[in-house]
Amino acid sequence: MTTPLLTESSIHLRDALPILFVGVGHAGGKLIAHLPKRVTELSYAAVDTDRASLDELPFDRKILLGDVATGGMGTGGNPELAQSCVEESEDSLYALFQGFRVVILVAGLGGGTGGTVGPLLADRAREAGLIVISALVQPLEAEGGSRRNLAESALSGYRDASDAVMLFPLDSLKAAEDPSMLLSRLLKRCGMEIGRSIGGLAVLLRSGWLIPLTLQDVVQTMHRADGYCRLVAVSADGEDRLTRVLDQLFTHPLLDKGSLLAHSGGIVLGMLCGPLTPVQDLERVSFEVRKVLRSDAELKIGVAQDERFGQHLALVVMVAEHWSGKPRALPQVETTADEAKAESEDETLTVAEKKKMIQSEIELASPAKNKGRFKDIQPTIVEGADLDTPTFIRKGLRLSFHKERAK
Amino acid sequence: MAHPIAVLEVGTSEVRVLVAEPREDGHLMITGIGRSPSSGVRKSEVVDLENAKVCVKKALLEAEENAQVSIQEVLLVFSGDHIRQVVNRGTINVMSDDRVITAEEREEVMEAARAVTLPHDQEILHSICGQFYIDDQTGGVLNPDGMSGSRLSLDMLILYGHSNRLRNMLRLADEAAVEVTEIAFGGLCCGLSVLTPQQKEVGGILIDMGAGTTDYVVYSDKVIALAGSLGVGGDHLTNDLALGLNLSTAQAERLKVKYGAAMVDLSSRGRRIPIPPETGFRAQEVLSRDVNTIMHARMEEIFELVKAQVRKEVKKKNFGAGVILTGGGARMNRVQDLASRVFEMPCHIGYPKEVSGLALPTESPEYASLVGMLKYGVRTRNSAVRGPLIGTFLRKLFG
């Protein structure tokens, strides 16, 4: 039996959210190489400094960074060389980011390109106005000290330049398997986990929500999570799908078998189901998850529906690893000389000048002054919006021009 | 060659006249062109008859000199956001004993489908046949003649508009001493001009971006599934830039044409563009990023509004021909990229087809509606029975 909440009439498709997956370096590319065939709605690209490694990957969009600087031979983990590579290929990167709102960078932290170039890519993507999610694979303890040090340094760089960092520690995944497992199998499993969880998050954000969970909900939680999150996706079908999907969640190795979930202060839970899923499934999931959470934890739940899901039920769960509860200061975007000048001017504005700037923006937003040549003719009203008023004013977009004028 | 025909479009930024000589095979040879900067027109509607009249006369005179003809009659292209559409289904019973549908019954159902009640100040402009449905069949047919059935239905797309606003356009032509023999909606004309039969068959979204309005026509399964007009166009972009960056309208227009883009260009985001001084406006520099932010917001909104209409009114979701852009807005830098992103399908610029002669009209998307009107004029002139586009407005006003 269905309830009004889940009837077909309430299905609505959200506008597609442009999301770009970028495999950074050899490991990043390999980890998502299987995704284009599985999730066809998204866009994919690979970025590397090693030509041979890039040539192996199946993506349509591939960018060899720093062809002149390295001759396509990789950076070898040299930060200065990484910087040169990114600077040399900056135009190609900006062209790649054009038209997207979210970029998901997938990288291995111990690699030359993933560890050194990746944070710079995150920085450029933020500069291009994109929301940046970095999905990072932490190397095994057994890979040794220098690689671990490189990984720590890279992680810090990614955190500073990303809206959120999703960690996938290989050691956590290894513990779930038998001790004799092959390294290739471990890496494959890691790729599958990343694909399922990050791909699941992307699909959720583009699906028709019955109970809304927007990109902003996710980003807000990311910012208050002090930058680091774990992300898992679990799914099941059949009569006992609820029990099985909850079991998978509570024993997931990436959540340290549920302990991270129990101690986290912020959780986002997206439920993806078919059109005939009864409301009691949502109630059961919510009840069971709340039972394991600490009392002050913030839980945001969304339910999305997709006809292709049929009897399947999937949960995509983002868990804050460290919960500050306060919004993290957003990463600083590297600016051009002109922009830096304008921004420093903004910081040095006096109170009076700031008031003047705000006043000029308010004046511009007032109906009497914002229609220019259209002020005396019949307005074009569509769905309550007066289209004769500039779109940038109605959307609240800020221009550098107003800062400069206030000065 | 047949007698030359002339078309007139009173646009928001420019009044244009084309003169053409149709060949027997239907090919059009453009022999004359007249242009005049427009005044007294906003959003494709006359707001100052006297000023607009001067512009129309100037464009007509230029076209006459250019083509070496005297223009007495014109075909008029019009637009405006007062134009609305309704799809009306007409149904009749097939009365013959053998239940075979004849041309008479096809005409009868067309009349039934045209019978809509509109407010007293609105007039039907075009009634366009959609698909016919026989009995309870869900799939429609384009021509039911000779098929069997007991009930015949037809979906008729009816475009209607505000009588007085259309009357003002006709009065303008009258004041300029030319007789309007036919009028047609600019969006439909663009479809005739730039789309191939194959594109119409696989479906496509045609968007004509003028200075005052953005017209759109959607083809699906060989028929027009949607047509309409938004009272937003290139003038709004100019106005947005003028207000946002404290520029004169002329400064903003030049900035838009020379440096504007529909997408924010990240490689030149910090670039400063010098703006020369004008009376009442000092010289200044504006950031390229600000210019493109303003333009991107407006263009994205226009495309989103058209997309919302398509989603609401058209069942079919796949359009093999993608998005086709015409009008002056089609020249905007990176507008194809933006349209592709918003509609999630390929986008290209539509140029007038099957036309030769003077270079400007044959190579410019701005002339798509005028060339389409020429084709429409040739078609209605050659045909005793009018095609699917039937202008009833003139008959009602002057018939």
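Cut-offs applied
Residues numbered from 1 in each chain as written. Chains lettered and ligands numbered in written order. Predicted model: local features only at pLDDT ≥ 70, side-chain atom pairs only at ≥ 80, totals over all residues. Heavy atoms only, no water. Helix = DSSP H or I, 4+ residues; strand = E, 2+ residues; numbered from the N terminus. Buried < 20%, exposed > 50% of the residue type's maximum accessible area, 1.4 Å probe, protein only. Contact = heavy atoms within 4.5 Å. Areas by Shrake-Rupley, 256 points an atom, 1.4 Å probe, with all protein chains shown as cover. Pairing = 2+ DSSP bridges. Axes fitted to C-alpha atoms, helices over the stretch in contact; angles between N-to-C directions. pLDDT = per-residue confidence, 0-100. Parallel < 35°, antiparallel > 145°, perpendicular 65-115°, else oblique. Left-handed = near helix turned anticlockwise from the far one by under 90°. Nonpolar A, V, L, I, M, F, W, Y, C, P; charged D, E, K, R; others polar. Salt bridge = Lys/Arg side-chain N within 4 Å of Asp/Glu carboxyl O. Core = buried A, V, L, I, M, F, W, Y, C linked by side-chain atoms within 4.5 Å. Domains from an automatic or database assignment.

Regarding the overall build of chain B
Along chain B, the regular secondary structure elements total 12 helices and 18 strands. Among the 399 residues that make up chain B, the fraction classed as buried is 59%. Contacts spanning at least 24 positions in sequence make up 68% of the contacts within chain B whose residues lie at least 6 apart. Carbon and sulfur atoms make up 48% of the accessible area of chain B, which amounts to about 16,300 Å² in all.

Description of the overall build of chain A
Broken down by element type, chain A carries 18 helices and 13 strands. Per-residue burial for chain A yields a buried fraction of 53% across its 407 residues. When contacts within chain A are restricted to residue pairs at least 6 apart in sequence, long-range pairs at least 24 apart make up 75% of them. With an accessible surface of roughly 18,100 Å², chain A has 52% of that area assigned to carbon and sulfur atoms.

Structural notes on the sheet that holds strand β11 (residues 204-209) of chain B
All names here are of chain B. The mixed open sheet is built from 5 strands, whose spatial order is β13-β12-β11-β16-β17. Of all strands in the sheet, those bounded by a partner on one side alone are β13 (223-230) and β17 (347-349). On average, adjacent strands in this sheet sit at an angle of 20° to one another, irrespective of strand direction. Bridge count between β11 and strand β12 (residues 214-220): 6 bridges; the pairing is antiparallel. Looking at the pairing, G204 lines up with Y219 of β12. Against the sheet, helix α8 (residues 288-313) contacts β11, β12, β13 and β16 (323-326), and its axis sits at roughly 140° relative to β13.

Structural notes on the confidence of the model for chain B
Scored by pLDDT, chain B has a mean of 88; 93% of the residues are at 70 or more. Within the model, the stretch residues 384-399 of chain B combines pLDDT values under 50 with 42 contacts to residues more than four positions away or in other chains.

Notes on the packing of helix α6 (residues 90-97) of chain A against helix α7 (residues 112-127) of chain A
Each pair of packed helices can be described by the angle between their axes along with the distance between the axes. Residues and elements named next belong to chain A. Contact geometry of α6 with α7 gives a least axis separation of 10 Å together with a crossing angle of 55°. Taken together, the axes of α6 and α7 lie oblique to each other. Here α6 runs over α7; the crossing is right-handed. Of α7, the residues touching α6 (which contributes E90, L93, Y94 and F97) are L121, R124, A125 and E127. For the contact of α6 with α7, a count of residues per class yields 5 nonpolar, no polar and 3 charged.

Quick word on unusual backbone geometry
All names here are of chain B. Even without being glycine, R99 reaches a positive phi, approximately 60°. Tracing the backbone through its elements, the reader meets R99 in the loop between β7 (84-93) and α2 (103-114). Of note in the backbone geometry, A177 takes a positive phi value of approximately 65° without being a glycine. Structurally, the position occupied by A177 is in the loop between α3 (163-175) and β10 (179-185).

Thoughts on the sheet that holds strand β18 (residues 355-357) of chain B
Residues and elements named next belong to chain B. Ordered by their spatial adjacency, 6 strands build an open sheet running β10-β6-β1-β2-β3-β18, and the pairing between neighbours is mixed. Looking at strand neighbours, the two that pair on one side only are β10 and β18, the edges of this open sheet. The sheet shows a mean angle of 35° between the axes of neighbouring strands, direction not considered. Note that strand β6 (residues 73-78) and β10 share 6 bridges and pair parallel. Within the sheet, the bridge partner assigned to L76 lies in β10 and is I183. Across the sheet, helix α1 (residues 49-67) lies against β1 (5-10), β2 (14-22), β3 (28-37) and β6, angled at about 145° from β3, the strand it touches most. Set on the sheet, helix α4 (residues 186-194) makes contact with β6 and β10; between it and β10 the angle comes to about 80°.

Describing the side chain of T213(B)
Its place among the elements puts T213(B) in the loop between β11 and β12. Setting aside residues up to four positions removed in sequence, T213(B) forms contacts with K43(B), S44(B), S79(B), G80(B), D81(B), D208(B), S229(B), L230(B), G231(B), V232(B) and G233(B).

Regarding the pattern of salt bridges
Overall, the coordinates contain 31 salt bridges over all chains when judged by the stated rule. The salt bridge partner of D67(A) is R51(A), with a shortest N-O separation of 2.8 Å. Of the two residues, D67(A) sits in helix α4 (residues 67-70) while R51(A) sits in helix α3 (residues 51-55), which places them 16 residues apart along the sequence. Judged by its relative accessible area of 35%, D67(A) falls in the partly exposed class. Its relative accessible area of 35% is what places R51(A) among the partly exposed residues. As a salt-bridge pair, R35(B) and E14(B) come within 3.4 Å of each other at their nearest N and O atoms. Residue R35(B) is found in strand β3, and its partner E14(B) is found in strand β2; the two are separated by 21 residues along the sequence. Among the ionic contacts, a cluster of salt bridges with common partners joins R394(A), D240(B), R298(B) and E301(B).

Notes on the environment of M95(B)
All names here are of chain B. Along the chain, the position of M95 falls in the loop between β7 and α2. The exposure class assigned to M95 is exposed, which follows from its relative accessible area of 64%. Residues M95 and G149 lie 54 residues apart in sequence; the distance between their C-alpha atoms is 9.7 Å.

Side note on the nonpolar core
Ranked by internal contacts, the top residues of the largest apolar core, which has 77 residues, are F21(A), M166(A) and L315(A). No fewer than three residues from each of domain 1 (14-206) and domain 2 (214-323) of chain A sit in this core. For M166(A), the contacting residues outside a window of four places in its chain are I133(A), S134(A), A135(A), L136(A), I198(A), M222(A), C229(A), L231(A) and M318(A). Counting residues in hydrophobic clusters, the runner-up holds 49 residues, among them L226(B), V286(B), V342(B) and I349(B).

Overview of the packing of helix α6 (residues 234-245) of chain B against α8(B)
Residue and element names in this part refer to chain B. Running from amino to carboxyl end, α6 crosses α8 at an angle of 140°, the nearest separation of the two axes being 10 Å. Considering the angle they form, α6 stands oblique to α8. In the packing of α6 onto α8, the handedness of the crossing is right-handed. The segment α6 lies against α8, with H236, L237, D240, L241, G244 and L245 engaging D290, V291, I294, M295, R298 and M299. Class assignment for the residues of the contact of α6 with α8 results in 7 nonpolar, 2 polar and 3 charged.

Considering the environment of S148(B)
Residues and elements named next belong to chain B. Assignment of secondary structure puts S148 in the loop between β8 (122-134) and β9 (151-162). In the structure, S148 is positioned 48 residues away from V100 in sequence and 4.4 Å away in space, judged by C-alpha atoms. Sequence-distant contacts of S148, that is, excluding residues within four places in its chain, are made with D98, R99, V100 and I134.

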